[in-house]
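Each chain, written out:
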Amino acid sequence: MSHFSTLRTKITDAEILKNSLRDLGVSVKQNADVRGYNGQRVRADLVAVLDGEYDLGWSRNSDGSFDLIADLWGVAKKHNQTELINSINQKYAVNKALAEVRRPGLQNANVKVAVQK
């Protein structure tokens, strides 16, 4: 029986996700296995290699969004999974917004970004 859960996300840009994970000090692998309970593994497009025996992975859907795949019980043994996933989502959102602001045509725009906690 698999311990892996699949959660829908709003993440659509693999490069921004990779950079966001690296910004948070998390190493990233592409097309790698997500480690789960009792040596179980599942393949994902991007894998955040976490301390311990468990990882987070993201697999692209046909609509371009990514699903988060993880053994959440295992991740929670060593990490506060809610804080970890929230910090990844927040970093991704900030990096995505900054990338949009840097798009051609917006160079001279006066943009103010406010981050609330």
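Above this text you will find the structure in question.
These lines cover the structure that appears in this document, whether it is placed above or below. Being a predicted model, the structure only gives us computed values, none of them experimental.

### Description of the nonpolar core
Now for step 1: Counting 22 residues, the largest nonpolar core has L17, L21, L56, W58, V75 and I88 as its most contacted members.
Now for step 2: Of all the elements in the fold, those that place two or more residues in this core are α1 (14-23), β3 (41-49), β4 (56-60), β5 (66-70), α2 (72-78) and α3 (81-101).
Now for step 3: When near neighbours in sequence (up to four residues on either side) are disregarded, W58 contacts T9, I11, L17, L21, A44, D45, L46, A48, F66, D67, L68 and I88.

### Here we look at the packing of aromatic side chains
Now for step 1: Applying the stated criterion across every chain, the model contains 1 aromatic pair.
Now for step 2: Taking 6.0 Å as the distance between ring centres and 75° as the angle between the ring planes, the aromatic pair formed by Y37 and W73 counts as edge-to-face. Taken as a pair, Y37 in the loop between β2 (27-35) and β3 and W73 in helix α2 lie far apart in primary sequence, 36 residues in all.
Now for step 3: Y37 sits in the partly exposed class, given a relative accessible area of 33%.

### Observations regarding the sheet that holds β2
Now for step 1: Pairing is antiparallel across the open sheet formed by 5 strands, whose spatial order is β1-β5-β4-β3-β2. Whereas interior strands pair on both sides, the edge strands pair on one side only; in this sheet they are β1 (5-8) and β2. Strand-to-strand twist across the sheet, computed as the mean angle between neighbouring axes with direction ignored, equals 40°.
Now for step 2: Note that β1 and β5 share 4 bridges and pair antiparallel. Looking at the pairing, T6 lines up with I69 of β5.

### Comments concerning the environment of G64
Now for step 1: Turning to its location among the elements, G64 is positioned in the loop between β4 and β5.
Now for step 2: Note: C-alpha distance between G64 and D13 (51 residues apart in sequence) is 8.3 Å.
Now for step 3: Residues in contact with G64, not counting those within four places in the same chain, are I11 and T12.

Quick notes on the rules
Residues numbered from 1 in each chain as written. Predicted model: local features only at pLDDT ≥ 70, side-chain atom pairs only at ≥ 80, totals over all residues. Heavy atoms only, no water. Core = buried A, V, L, I, M, F, W, Y, C linked by side-chain atoms within 4.5 Å. Buried < 20%, exposed > 50% of the residue type's maximum accessible area, 1.4 Å probe, protein only. Helix = DSSP H or I, 4+ residues; strand = E, 2+ residues; numbered from the N terminus. Contact = heavy atoms within 4.5 Å. Phe/Tyr/Trp six-rings, centres within 6.5 Å; stacked < 30°, edge-to-face > 60°. Pairing = 2+ DSSP bridges. Axes fitted to C-alpha atoms, helices over the stretch in contact; angles between N-to-C directions.

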